[in-house]
Amino acid sequence: MSGATVRVDVPDDSLFGPENMPYGVFAPPGGEFRAGVRLGDSVLDLPALLDDPVFARPDLNSFLAQGPAARRVVREKLRELAESPLPADAVHAVEAIRMTLPVRIGDYVDFYASIDHATNLGRLFRPDAEPLLPNWRHLPVGYHGRAGTVVVSGTPVVRPCGQHRTDSGTPEFGPSRRLDIEAELGFVVGTASRRGEPVPVDEFADHVFGVALVNDWSARDIQAWEYQPLGPFLGKSFATSLSAWITPLAALTRARVPLPPQVPKPLPYLRGTDDTGLDIALTVTWNGDTVSRPPYSRMYWSPAQMLAHLTANGASIRPGDLYASGTISGPEPGQRGSFIELSWGGTEPVIVGGAERTFLADGDEVTITATAPGTASRPIGLGEVRGTVLAAHEP
Ligand code: CA
């Protein structure tokens, strides 16, 4: 240590005040990946600041495994430290660092918890039937995704190739022509559960560490041809982007809101005494133009119900596991969290950069950001999830 100290200035309108302090894994110039928290436009270097080797690792898994009580102690300690000058070598400018995936993800599950999204997609994919399938109001529908292709924000996404049905009804193989996004919220597991022991709704906060933004890239033409009867497969598994910062649940206490009414009443294993939604406001920008503002507060199933359902059969969870909400859409056209909804199946183009657009073109960049009420008198930010589309590698 040089002995020099520095005070971290947090502007009054910062989305990353000491009441937020999301966790990530970063490398300073010339350094190795290690854990950090964001404060204003700085990153606090946890191995340099706290004498604990658990933070010197390139993922947060071991720290998360320590459980909610240990994490509370660290958060309190960091809030105290943030009030005083800090060793200069423990503070880095956010523009100067590289970030990587904050967790090593063992399992990834994706849900379908927005009633507005499920209704819109039902109308688009099955125009002659009831938009919601008979199970939808009884359970949070989900599937197991591909953990190995979850990438950190900023990683380019190569347009996938696959089978899609042509107008003649026969399939062909080639680059997807209907590449899309899904604006979602992800939940990062902190504490493991035991195989055979479901996690009740009211034990959500004992097991989930925090939230992150997710873009679940989707190839609609591949998806439409392959998805029945077993659900999403290659139309989804090529890439899922995750924000580099994970906001701890402890920063979201003021963002808790009642769930919308659930009719019919869910089965007992999906009920809890403390079951709430989250007032998180997302913004989707496409090549810099804001095209949608999806509201998380309208999600039908709560994050606690999703966890209770995914463990209801005894399936266990491990630190670093990720489950995502599914596309977040609201009832208004400007609140739709996917481009297939925004352009209504490609029939109602969206204006991006002055031109009419439906699905993603090579070179397009999509960024999803979000804010939530914070415990101070200002909102907190959830970081961002960003990705650029690269041309397909054709066979
Ligand atoms: Ca999805």
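Residues numbered from 1 in each chain as written. Predicted model: local features only at pLDDT ≥ 70, side-chain atom pairs only at ≥ 80, totals over all residues. Heavy atoms only, no water.

Draft legend 1. Representation of the sheet that holds strand β27 (residues 365–373) within the structure. Ordered in space as β11-β28-β27-β22-β23, the five strands form an open sheet in which the pairing is mixed. At either margin of the open sheet sits one strand with a lone partner, and together these are β11 (157–158) and β23 (289–292). Both β11 and strand β28 (residues 379–390) contribute to a ladder of two bridges, which runs parallel. Looking across to β28, one finds that valine 157 is bridged to valine 389. (Pairing = 2+ DSSP bridges. Helix = DSSP H or I, 4+ residues; strand = E, 2+ residues; numbered from the N terminus.)

Draft legend 2. Just the nonpolar core, in detail. Among the nonpolar cores identified, the biggest contains 58 residues, and Leu185, Ile280, Tyr296 and Tyr323 are the most heavily contacted of them. The leading source of residues in this core is helix α7 (residues 303–310), at five residues. The residues touching leucine 185, leaving out its near neighbours within four places in the chain, are Val211, Ala212, Leu213, Val214, Leu278, Ile280, Tyr296, Tyr323, Ala324, Ser325, Ile328 and Leu382. Judged by nonpolar contacts, the second largest core, of 38 residues, contains Met21, Ala82, Val91 and Val103. (Core = buried A, V, L, I, M, F, W, Y, C linked by side-chain atoms within 4.5 Å. Buried < 20%, exposed > 50% of the residue type's maximum accessible area, 1.4 Å probe, protein only. Contact = heavy atoms within 4.5 Å.)

Draft legend 3. Region of the structure containing the side chain of serine 243. Position of serine 243 relative to the elements: it lies in the loop between β18 (240–242) and β19 (247–248). The exposure class assigned to serine 243 is buried, which follows from its relative accessible area of 1%. Within the structure, serine 243 has its side chain in polar contact with the backbone oxygen of tryptophan 245 (distance 3.2 Å). Contacts of serine 243, omitting those with residues within four sequence positions, involve Pro102, Ser153, Ala212, Leu213, Leu382, Glu384 and Val385. (Polar contact = N/O pair within 3.5 Å; in protein donor to acceptor, adjacent residues only side chain to side chain.)

Draft legend 4. Spatial organisation of the coordination of the calcium ion. Within the first shell, the calcium ion binds the protein through Asp110 (OD), Glu182 (OE), Glu184 (OE) and Asp216 (OD), at distances of 2.2 to 2.3 Å. In the primary sequence, the donor residues of the calcium ion line up as D-x71-E-x1-E-x31-D. A residue pair is termed long-range when its members are at least 10 positions apart, and aspartate 110 in strand β8 (residues 108–111) and aspartate 216 in the loop between β16 (208–215) and β17 (218–219) qualify at 106 residues. Side by side, aspartate 110 and aspartate 216 carry an identical accessibility label, which is buried. (Donors = N, O, S within 2.8 Å, 3.2 Å for Na, K, Ca; no water.)

Draft legend 5. A look at the environment of arginine 178. In this fold, arginine 178 is placed in the loop between β13 (171–175) and β14 (179–180). Separated by 158 residues in the primary sequence, arginine 178 and arginine 336 place their C-alpha atoms 17 Å from one another.

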